[in-house]
Amino acid sequence: MVFGKGMAKGLMTVLKHVRKPVVTVQFPEEERNIPPRARTNLVWFVERCTGCSTCAQSCPDGCILVDTEPREDGSFLVNRYEIDFRLCMYCGLCTEACPYEAIQVGGSYTNVVTNPNHLYKDKEDLIELANEYLDQHDWVYPNGQKAVQQTVHPSERRQHH
Amino acid sequence: MVFPTIDTGGAPIPLLDPVTDVEEELRSQLLVSTVDKVFGWARRSSLWPAMFGLACCAIEMIATANARYDLARFGAEVFRASPRQADLMIVAGTVTWKMAPPVRRIYLQMAEPKWVISMGSCSNIGGPFAHGYSTLPGVNNVVPVDVYVPGCPPRPESLLAGLMLLQQVIDDEHAHNGRKRRPEPTGDFSKMLPEGDPIRAELESLFPPFLSADGQPRDRFTGALPHDQNFYSSR
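The paragraphs below set out a description of the structure included in this document.

What counts, and where the lines are drawn
- Going along each chain's sequence as written, the residues are numbered from 1 onward.
- Throughout, the order in which chains and ligands are written sets their labels, letters from A for the former and numbers from 1 for the latter.
- Owing to the predicted nature of the model, reporting of local features is limited to residues with pLDDT of at least 70; listing and counting of side-chain atom pairs is limited to 80 or more, with chain, interface and lining totals taken over all residues.
- Note that the side-chain values use all heavy atoms of the structure and ignore hydrogens as well as water.
- Strands are labelled as partners when DSSP assigns at least two bridges between them.
- The helix and strand labels rest on DSSP assignments: H or I over at least four residues marks a helix, E over at least two residues marks a strand, and numbering proceeds from the N terminus.
- In this analysis an axis means a line fitted to C-alpha atoms, helices contributing only their contacting stretch, and an angle means the value between N-to-C directions, from 0 to 180 degrees.
- Two residues qualify as a contact provided that any one of their heavy atoms is within 4.5 Å of a heavy atom in the partner residue.
- Think of a salt bridge as a Lys or Arg side-chain nitrogen and an Asp or Glu carboxyl oxygen that are within 4 Å of each other.
- A simple rule labels every residue: compare its accessible area, found with a 1.4 Å probe on the protein chains alone, to the largest value its type can have, and call it buried under 20%, exposed over 50%, or partly exposed in between.
- Each of two parts loses accessible area, computed with a 1.4 Å probe, when they are put together; buried area is these two losses added.
- By the criterion applied in these results, polar contacts are pairs of N or O atoms within 3.5 Å in which, for protein atoms, one can donate a hydrogen and the other can accept it, and in which residues neighboring in sequence qualify only through two side-chain atoms.
- Following the grouping adopted for this structure description, the nonpolar residues are Ala, Val, Leu, Ile, Met, Phe, Trp, Tyr, Cys and Pro, the charged ones are Asp, Glu, Lys and Arg, and the polar ones are all others, Gly among them.

A few points about the sheet that holds strand β2 (residues 64–70) of chain A
Remark on secondary structure: sheet strands pair via backbone hydrogen bonds, oriented parallel or antiparallel.
Okay, step 1: Sheet architecture is open: three strands sit in the order β2-β3-β5 (chain A), paired in antiparallel fashion. In the strand order of this sheet, the two ends are held by β2 and β5 (120–121) of chain A, each with one partner.

Here's what the structure looks like:
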């Protein structure tokens, strides 16, 4: 038995860790890289959507609402597209189901609220969120494709007073 | 079922408003609002959560407390095992009806000032079990919630963002006229639980006017029944 053996051991452990890089991520200032298909918020791009509502049918929670009406040429006009983010469990099944990748994962994950009803996003909210995403990411969709700037028709954008 | 708004228990609890309740001459000499700001700073910088996890969100909560995300940077590192020492309840996970009375009781046992973060879709509105028979559709039916964190489960960053929003909320409420009385949740179980359901009876006894099923008054802070005087003499 040598006196202070344990203390030396402990000090060695501390000294070893002094040389290692810091693991703590200083969150608000510094963010970790999120993998491209991580379960973050959904982003819906109106210019890619055809209104087929495959996403709504694949949603296990039933938190997506799609309301369409046929146009003259047979395509669909999306009247309402709403996602209830209170219910959404971010499983990403809608993004797998969507044939046109109009709904994708990769949005913000810090949308905390004091009123839960603000988590219900209607079409205008979702278009605003998608535009925000594209503005921040140099007009590249989460799947890596390049977006054509100003694809959203001005009438689809929310009118600011 | 209609609940009375505030249970005064005979004596009303006075709330001093430094703007209206003080004489005009004294107002310029008072430091109440400044002291209150310091209180707010102290309270938001040392939010101690209750050690309380219900489902998978608790795993993310533990990850948030670990070294990589380090909840200690916000002064919220000490997860207290006793609700008496906690300021913050993070409802992390699915709240089943069976678990609802304990959640309410833990909330009642926490000392003022106290705050509640609802973490994850399940405690926000029921999540994937929202239409189920066994799950509470939103923990705000049982306790008043300050901040809702969406996600299933939320990333640790989301919980940190929720904590920062709560710190803002605390700052704001201390900057304007001090702390308000915490609102009671709208615990209307009449549509969700049938009459005579034991869990409904237990939950109702934990809301004002804090009467147990046989009409005995409960302690309004702990939900405990009064000590029976004949208990020891009859043995």
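Read on, since the account is not over.
Some points on the sheet that holds strand β2 (residues 115–119) of chain B
All names here are of chain B.
Okay, step 1: Ordered in space as β1-β2-β3, the three strands form an open sheet in which the pairing is parallel. For this open sheet the edge positions go to β1 (88–92) and β3 (147–149), each flanked by a neighbour on one side alone. Strand-to-strand twist across the sheet, computed as the mean angle between neighbouring axes with direction ignored, equals 20°.
Okay, step 2: Sheet analysis places β2 next to β3, joined by three bridges and oriented parallel. Note on β3: the bridge partner recorded for Ser-118 is Tyr-148.
Okay, step 3: Helix-sheet contacts for helix α3 (residues 57–65) involve β1 and β2, and the interaxial angle to β1 is about 135°.
Okay, step 4: Along the sheet, helix α6 (residues 156–175) makes contact with β1, β2 and β3, crossing β2 at roughly 150°.

Quick notes on the pattern of salt bridges
Residue and element names in this part refer to chain B.
Okay, step 1: Per the stated rule, a full pass over the model turns up eight salt bridges over all chains.
Okay, step 2: For Glu-184, the salt bridge identified is with Arg-104, shortest N-O distance 3.0 Å. With a gap of 80 residues between them, Glu-184 in the loop between α6 and α7 (198–205) and Arg-104 in helix α4 (residues 100–109) connect regions that are remote in the sequence.
Okay, step 3: Glu-195 is paired through a salt bridge with Arg-200; the nearest N and O atoms lie 3.8 Å apart.
Okay, step 4: Judged by relative accessible area, Glu-195 falls into the exposed class, the value being 71%.

Here's the deal with the interface of chain A and chain B
Okay, step 1: Between chain A and chain B, the residue contacts involve 26 residues of the former and 29 residues of the latter.
Okay, step 2: Together, the buried faces of chain A and chain B total about 2300 Å²; carbon and sulfur atoms form 65% of this surface.
Okay, step 3: Interface area lost by chain A to chain B is led by Phe-27, Arg-32 and Val-112 of chain A, which between them contribute 23%.
Okay, step 4: Remark: the boundary between chain A and chain B carries zero salt bridges.
Okay, step 5: Across the chain A-chain B interface, the total number found is nine residue pairs in polar contact (both at pLDDT 80 or more).
Okay, step 6: Looking at the side of chain A that touches chain B, its residues break down into 16 nonpolar, six polar and four charged.

Limitation: the analysis is restricted to geometry and does not speak to function.
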